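# Architecture at a glance
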Amino acid sequence: MRPFHSRLEDLPRILPIFPLSGALLLPQGKLPLNVFEPRYLALVQDCLAWGRILGMIQPNVSGSGPKDPPVFDTGCAGRISAFNETEDGRLLVTLTGVCRFRVAEEIEGTRGYRRVMADWTPFADDLAEDEPDFELDRAHLLTVLRSYLKLNSMDINWKAIETASDLSLTVSLAMLCPFEPREKQALLESPNPDHRAQTLVALMEMALAESVGGKGHPRQ
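Presented here is an overview of the structure given in this document.

Reading the values: the criteria
- Residues numbered from 1 in each chain as written.
- Predicted model: local features only at pLDDT ≥ 70, side-chain atom pairs only at ≥ 80, totals over all residues.
- Heavy atoms only, no water.
- Salt bridge = Lys/Arg side-chain N within 4 Å of Asp/Glu carboxyl O.
- Buried < 20%, exposed > 50% of the residue type's maximum accessible area, 1.4 Å probe, protein only.
- Helix = DSSP H or I, 4+ residues; strand = E, 2+ residues; numbered from the N terminus.
- Contact = heavy atoms within 4.5 Å.
- Core = buried A, V, L, I, M, F, W, Y, C linked by side-chain atoms within 4.5 Å.
- 1 Å grid on protein atoms, 1.4 Å probe; cavity = no way out; pocket = protein on both sides within 12 Å on 5 of 7 lines; lining within 4 Å.
- Points joined across faces, edges and corners; volume = space filled by probe spheres on them.
- Nonpolar A, V, L, I, M, F, W, Y, C, P; charged D, E, K, R; others polar.
- Expected span 1.5 Å × (residues − 1).

## Observations concerning the pattern of salt bridges
For the structure shown, the criterion picks out eight salt bridges. We note a salt bridge from E37 to R39, for which the minimum N-O separation is 3.0 Å. Two residues, E106 and R114, come together in a salt bridge whose shortest N-O distance is 2.7 Å. In this structure E106 comes out as partly exposed when scored by relative accessible area, which is 23%. The exposure class of R114 is buried, given its relative accessible area of 13%. Salt bridges here are not isolated pairs; linked through shared partners, they connect R7, E9 and D10.

Here you go:
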């Protein structure tokens, strides 16, 4: 059993959320945050006292609603697994992905940050102790990845790539690659690791195809 492994019944019904466009957290992934806004400093401080769980979720700029900005229906909860204070009043936080959630409804916030009623049941499989089996064409993924990284002038630790499990590899790459917010949301909402891996490869291939034959036609 993994240390600090969460159970479905232990996850909070009321979840503070951190809306951040372009930020993708997936179960078992690690997301660093540089927290400096007073409301999010308050959020982190409260979470440290109340179980260390907060929800990462993207604003949905195309949506509409009483809250500004509206957020997508699906996010991912993270556990504060490390944090450091800085001399200038910031908190450097590492979140470890726990489980995705659906927003049942948004409720009144507190101390400046927003809160939702979280429905965890659609994503109960995220809490499985064993890594799921899925088929990954690793050679093809790495071939596409090399071209994609070159296109985006990105470096990567290839030694870590070679030793990572298929699940860890696809989670890390989905979080690392500079996809558009809606593309990251598609990765988040993938029903299973197989689908996420296929979506990951497809998004990289689309970017490569556009760089060759679709210049001047940005992704929608």
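## What to know about the environment of A104
Structurally, the position occupied by A104 is in strand β5 (residues 91–110). Owing to a relative accessible area of 47%, A104 belongs among the partly exposed residues under this scheme. When the C-alpha atoms of A104 and W120 are compared, they prove to be 9.6 Å apart, with 16 residues separating the residues in sequence. Here A104 is in contact with R13 and M117, once residues within four sequence places are set aside.

## Section: the environment of Y40
For Y40, the location among the structural elements is in helix α1 (residues 38–49). Residues in contact with Y40, not counting those within four places in the same chain, are I17, F18, P19 and V35.

## Structural notes on the nonpolar core
One finds V35, M56, L95 and M204 to be the most contacted residues of the largest nonpolar core, which totals 48 residues. The biggest single contributor to this core is helix α6 (residues 193–213), with seven residues. Leaving out residues up to four positions away in the same chain, M56 has contacts with F18, L20, A23, L25, L31, L33, G75, C76, L95 and F101. Of all hydrophobic cores here, the second largest spans 16 residues; its members include I17, V98, C99 and F101.

## Details of the layout of surface pockets
Roughly 380 Å³ of internal volume is contained in the largest pocket. If you trace the largest pocket, you find 21 residues lining it, with R100, D125, D126, P132 and P193 closest to the centre. Taken together, the elements giving at least two residues each to the lining of the largest pocket come down to β5, α4 (166–176) and α6. Looking at the lining of the largest pocket residue by residue, the classes come out as 10 nonpolar, three polar and eight charged.

## Structural notes on α1
Relative to the 16 Å expected for 12 residues at 1.5 Å per residue, α1 spans 17 Å between its end C-alpha atoms, a close match to the ideal helical length. Buried residues of α1: Y40, L41, A42, L43, V44, D46 and C47, and no others. Each element contacted by the buried residues of α1 is listed here: β1 (14–19), β2 (30–35), β3 (53–57), β4 (74–85), β5 and β6 (113–119). Once α1 ends, the next one or two residues include G51, with phi positive near 105°.

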